[in-house]
Amino acid sequence: MPRATSSVARRWPPQLQNSTRRRGGAGRGGAGLGWAKGAGLAGGRVGVRARSRASTPGAGRPQRSAPEPSDPWGRECLRLLQQLHKSSQQLWEVTEESLHSLQERLRHPDSTGLESLLLLRDADRVLQAHIEYIESYTSCTVVQAFQKAAKRRSEYWRGQRKALRQLLSGVSSEGSVGASPGQALHQPLTHHVQQYVLLLLSLGDTIGEHHPTQELVVNAVTLFGNLQSFMKQALDQAAATQALWHTLRGRPRDVLCTPAHRLLQDSQDVPVTVAPLRAERVLLFDDALVLLQGHNVHTFDLKLVWVDPEQDGCTFHLLTPEEQFSFCAKDSQGQGNPEMAGWAESRGEFLPGPGAWASEDRFDCYKCHWREGSMCGYGICEYSTDEVYKGYFQEGLRHGFGVLESGPQAPQPFRYTGHWERGQRSGYGIEEDSDRGERYIGMWQAGQRHGPGVVVTQAGVCYQGTFQADKTVGPGILLSEDDSLYEGTFTRDLTLTGKGKVTFPNGFTLEGSFGSVAGRGLHTQGVLDTAAPPPDPSSTCKRQLGVGAFPVESRWQGVYRPFRDFVCAGCPRDLQEALLGFDVQSSRELRRSQDYLCCERTHPEDSVGSMEDILEELLQHREPKALQPYLRKALSNSLHPLGKLLRTLMLTFQATYAGVGANKHLQELAQEEVKQHARELWAAYRGLLRVALQRKGQALEEDEDTETRDLQVHGLVLPLMLPSFYSELFTLYLLLHEREDSFYSQGIANLSLFPDTQLLEFLDVQKHLWPLKDLTLTSNQRYSLVRDKCFLSATECLQKIMTTVDPREKLEVLERTYGEIEGTVSRVLGREYKLPMDDLLPLLIYVVSRARIQHLGAEIHLIRDMMDPNHTGGLYDFLLTALESCYEHIQKEDMRLHRLPGHWHSRELW
């Protein structure tokens, strides 16, 4: 008979479990100084008024220490707040040290390596400070220490609340006075740890896998990723435990309400019956099983509980030193409910969460939506092989969209993101093969690569061709890192074989038969043609793969389809969990639906409510002024159907184009995918709106025409969702236009050698347009004359093009820059003056050269691809064309070589 072990260890990430033995959950941690200052946590001095003197409005005067509370609960709360004060000081100190190491690195980048950063050098110690702080904070949360302190010092808290909100924009204006300190003490930290993870991931991508500090970065990413998961879980469990005390009265509450307890399961949420005892209520904590009978409380230490499951999977017997009894998870008709089986697992360990099930022979764990005894809808599974699947099921099989990932220690690590059919990979999908160092993007059938596909390798080599039963068949094309192109046939590992043709970057071609011999490398027999003229470099490097092979409308149907089916069915409440993977009817049900299998956890205040509430709010924000804020809020909330859809699309985008997939030959594939996602998100919103109106007995207006839809997609949805894809997308633009941007950067460097007046003369700007003697200029422009900086206001305006990801906002910056140039010239001339093209282009080149915008070519092309089609032929199109012309002229060879005025005349360029 298996023994039930305590499920405390399940609450902690694997990397933190060793240190939980000492203090019931202490681990390792890290923070940034900006968080501590933002929260006002200078040494933990936020509102803790006990034996230590707190930082108050009159802190400069001698103050008497507040008397120690006389009641036991008050003394316990004081002890917990003092512990929180101590842990916050430790977090402050390690944060300050981390900042100091970063400053040293920034000041001396040549002599100070990345390994000097505290986050990398001593990540364990930084993580430890975070864990101890979260432990102290959650203990205060469980016993409502913040609310009790607020009641004792209510006037003080009300006086500090305004300052608190100014420091922390994330703190809600609603709620009790006691809730504000609680939010202030965890919200910034949660956000900060999330930023750590993102920045460390970016650092890992930047330095490459062969960098000497790569191992330190990977370790830090793992630790802080686990810390992020732990924090979410610890906060959720603390909130659930705090809510429990409101449902208990008298002796049960007095006995059970301790800061050490964490509630995992409650029979009021997932019913079970107990025999022969007649328990009115059963509570499962992380360290104890509790049976309530009136005012009697029976507590059983989990370390001494043995579990013996029966064959039906719904009944299990418990043996304790005091009692022997049975739990039954059957309904009134005697039918077993798989969701009730979350009370126990066949290994004898308690599982926190409904819908969890464990196979007795393989110890596989499932958290899923169920229908008629089979997994159906969204679910998460951990298999005995350490593989994890997150995605959709049908009749117990993986079906629809899902992600399957191997364990971190697997001999051949992989991750598949894509579509499934009856348990097998089928349709469009992405496979990451870490062992081979390659990524496959393409079609699947019966679990094998089948149909058109693209393979990208870590070496920068790209292949596009046709697969059949996991093997390449027929001709394909291969692009190497230096833009050499091979057209012909290949082996499984992309070795050239058979007849083919190679086109080199200089235009030479080699056509013949190719093969390889072990130990002797590639050999060929054919004709080398050196007579062909060299190709245009811009066209050579811009060959794009996959665009014609995978129509953008059909790539991610497995992601869109569940949402469409849900909307077409009228957004029924019983299908909401099957769609989203969790229930959002109430905050209690939300917490109950989360599980230890890495489900995304969200605080109760972030819940969007029921589907009825979502549709009602949608109807209240249909007006144009209200629609954009509503969509921004919906898309940023993973509990909203639109937000959930966006996050799934982000997952697919990162799986395709991040890391190995960051290849310039996939840029067009990515940018058309982003625009398709914007169209699908707008269609999803329209579908929800249609359902909301139908429930009110109304009908949606006639379908939009293409022009109206494009206006909403590019003007409304794309700017809101583009930040979610911008990092990976802009990287592809950088790689694609790297050569042009290098010429541009050299041209900028050469032009920077000219003083302002000489550069104006060099660019052949007419002297009567130079702002040198006008006294009616703005303060910025007058100041620029003292510094010999002409058109300073226009230069500073243009630099703001890098501060936004919205194409329309970038174009607006360009329009304001044009206005600043024209305004300066008008004030110089003393009259309104419209610049003709011959005068505008030299002045714009001057402003662009002084603005020194990095990667301007990538910026221009991204704006051009993502701008609203309705702007074609308008003012924005004209200004962008002028900027493109400046960019091209700065690259010109003669401009880079002639550094002295008089050798070049701009009129030749126009």
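None of the values given here were measured: they were computed from a predicted structure.

Each value, and the rule that gives it
- Residue positions are given per chain, counted from 1 along the sequence in the order it is written.
- Whole-chain, interface and lining totals are the exception, using all residues; otherwise, since this is a predicted model, local features are given only for residues with pLDDT of at least 70 and side-chain atom pairs are given and counted only at 80 or more.
- Values shown for side chains rest on all heavy atoms present in the structure; no hydrogens or waters enter the calculation.
- Comment: elements are numbered from the N terminus, with helices defined as DSSP H or I runs of at least four residues and strands as E runs of at least two.
- Per-residue and other accessible areas follow the Shrake-Rupley method at a 1.4 Å probe size, with only the shown protein chains counted as cover for residues.
- What makes a nonpolar core is a set of buried Ala, Val, Leu, Ile, Met, Phe, Trp, Tyr and Cys residues whose side-chain atoms join them at distances within 4.5 Å.
- A 1.4 Å probe rolled over the protein chains alone gives each residue an accessible area, and that area as a share of the maximum for its type sets the label: buried under 20%, exposed over 50%, partly exposed in between.
- It only takes one pair of heavy atoms within 4.5 Å for two residues to be counted as in contact.
- Known as pLDDT, the predictor's confidence for each residue is given on a scale from 0 to 100.
- The pairing criterion is simple: DSSP has to find at least two bridges between the two strands.
- Working rule for helices: expected span equals 1.5 Å times residues minus one.
- The criterion for an aromatic pair is that two Phe, Tyr or Trp rings (for Trp, the six-membered ring) have centres within 6.5 Å, with stacked assigned to planes under 30 degrees apart, edge-to-face to planes over 60 apart and tilted to the rest.
- Each ring is checked for a lysine NZ or an arginine CZ that lies within 6 Å of its centre and within 35 degrees of its normal; such an atom marks a charge sitting over the ring.
- What counts as a salt bridge is simple: a side-chain nitrogen of Lys or Arg found within 4 Å of a carboxyl oxygen of Asp or Glu.
- Of the grid points, spaced at 1 Å and generated over the protein atoms alone, those admitting a 1.4 Å probe that cannot get out make up cavities, while open sets with protein on both sides within 12 Å along at least five of seven lines make up pockets; any residue with an atom within 4 Å of a point is treated as lining.
- Grid points are joined across faces, edges and corners, and a volume is the space filled by probe spheres set on the points.
- Nonpolar residues are Ala, Val, Leu, Ile, Met, Phe, Trp, Tyr, Cys and Pro. Charged residues are Asp, Glu, Lys and Arg, and all others, Gly as well, are polar.
- Lines are fitted to the C-alpha atoms to define the axes, a helix being fitted only along its stretch in contact, and any angle between axes, read from their N-to-C directions, falls within 0 to 180 degrees.
- Should an angle fall under 35 degrees it is called roughly parallel, over 145 degrees roughly antiparallel, and 65 to 115 degrees roughly perpendicular, with every other angle called oblique.
- Left-handed describes a crossing whose near helix is turned anticlockwise from the far helix by less than a right angle; the clockwise case is right-handed.

1. A look at the overall build of the chain
Helix and strand counts for the chain stand at 29 helices and 24 strands. Approximately 41,700 Å² of the chain is accessible, and the part contributed by carbon and sulfur atoms is 50%.

2. Some details on the nonpolar core
Core analysis: the largest hydrophobic core is formed by 72 residues, its most contacted members being Leu631, Leu642, Val674, Leu688, Met721 and Leu729. In terms of residues, this core owes the most to one element, helix 18 (residues 667-695), which gives 13 residues. Filtering out sequence-adjacent residues up to four positions away, Val674 remains in contact with Phe653, Leu718, Met721, Leu722, Phe725, Leu729 and Met866. One finds Tyr133, Val142, Ile207 and Leu292 within the second-largest nonpolar core, a separate group that totals 54 residues.

3. Points about the confidence of the model for the chain
The share of residues in the chain with pLDDT of 70 or more is 75%, and the mean pLDDT across the chain is 77. Across residues 337-342, where pLDDT falls below 50, the model places 18 contacts with residues more than four positions away in sequence or in other chains. A low-confidence stretch, residues 782-788 stays under pLDDT 50, and its non-local contacts, those more than four residues away or across chains, total 12 contacts.

4. Some details on the side chain of Arg555
Note that Arg555 resides in the loop between helix 11 (537-540) and helix 12 (557-568). Not counting chain neighbours up to four residues away, the residues in contact with Arg555 comprise His419, Tyr428, Gly546, Val547, Phe550, Tyr657, Leu669, Glu672 and Glu673.

5. Focus: the pairing of strand 20 (residues 471-479)
As judged from the 6 bridges shared by strand 19 (residues 462-468) and strand 20, these two strands associate in the antiparallel manner. By the bridge assignment for strand 20, Tyr463 is matched with Leu478. As paired strands, strand 20 and strand 21 (residues 485-490) are joined by 4 bridges and run antiparallel to one another. Counted as the bridge partner of Leu478 is Tyr486 from strand 21. From the end of strand 20 to the start of strand 21, which pair antiparallel, there are 5 residues, and Asp483 there has a positive phi angle of about 75 degrees.

6. Digging into helix 17 (residues 641-657)
Taking 1.5 Å of rise per residue, 17 residues should cover 24 Å, and helix 17 covers 24 Å from first to last C-alpha, within 8% of that figure. Extensive coverage of helix 17 is indicated by the burial of 14 of its 17 residues. After helix 17 finishes, the residue Gly659 shows a positive phi value of roughly 65 degrees.

7. Digging into the packing of aromatic side chains
Under the defined criterion, the tally for this structure stands at 23 aromatic pairs. Between Tyr378 and Tyr392 the ring centres are 5.6 Å apart and the planes differ by 75 degrees, which places this aromatic pair in the edge-to-face class. With Tyr378 in strand 12 (residues 374-382) and Tyr392 in strand 13 (residues 388-394), this residue pair connects regions lying 14 residues apart in the sequence. Both residues of the pair, Tyr378 and Tyr392, count as buried. Geometrically, the ring pair formed by Tyr486 and Phe490 is edge-to-face, given 5.1 Å between the ring centres and 80 degrees between the ring planes. When its relative accessible area of 7% is taken as the criterion, Phe490 is described as buried. In this arrangement the basic side chain of Arg398 is found over the ring face of Tyr389, its NZ or CZ atom lying 5.3 Å from the centre.

8. Some remarks on the pattern of salt bridges
For the coordinates displayed, the defined rule picks out 25 salt bridges. Between Asp483 and Lys664 there is a salt bridge, with its nearest N and O atoms 3.1 Å apart. Of this pair, Asp483 sits in the loop between strand 20 and strand 21 while Lys664 sits in the loop between helix 17 and helix 18; the two residues are 181 residues apart in sequence, bridging distant segments of the chain. Taking the relative accessible area as the measure of exposure, Asp483 reaches 12% and is therefore buried. A salt bridge links Arg864 to Asp877; the shortest N-O distance between them is 2.6 Å. Of the two residues, Arg864 sits in helix 27 (residues 856-866) while Asp877 sits in helix 28 (residues 875-891), which places them 13 residues apart along the sequence. Among the residues examined, Arg864 registers a relative accessible area of 27% and is labelled partly exposed. Counted as one network, the salt bridges with shared partners bring together Arg425, Glu431, Arg436, Glu438 and Arg449.

9. Observations regarding the layout of surface pockets
Taken as a whole, the second largest pocket spans an internal volume of roughly 610 Å³. Forming the walls of the second largest pocket are 28 residues, and the residues nearest its centre are Tyr392, His399, Arg561, Pro562 and Asp565. Those elements that provide at least two residues to the lining of the second largest pocket are strand 12, strand 13, strand 14 (397-405), strand 15 (414-421), strand 16 (424-433), helix 12 and helix 13 (576-580). For the lining of the second largest pocket, the leading source of residues is helix 12, giving 6 residues. Taken together, the residues of the lining of the second largest pocket break down into 13 nonpolar, 10 polar and 5 charged.

10. Some remarks on the packing of helix 20 (residues 726-736) against helix 27
In contact at an axis separation of 9 Å, helix 20 and helix 27 are set at 120 degrees when each is read in the N-to-C sense. Taken as axis vectors, helix 20 and helix 27 run oblique relative to one another. Considering the relative orientation of helix 20 and helix 27, their crossing is right-handed. Contact residues: helix 20 offers Tyr726, Leu729, Phe730, Tyr733 and Leu734, while helix 27 offers Ala858, Glu859, His861, Leu862, Asp865 and Met866. Here the contact of helix 20 with helix 27 is composed, by residue class, of 8 nonpolar, 1 polar and 2 charged.

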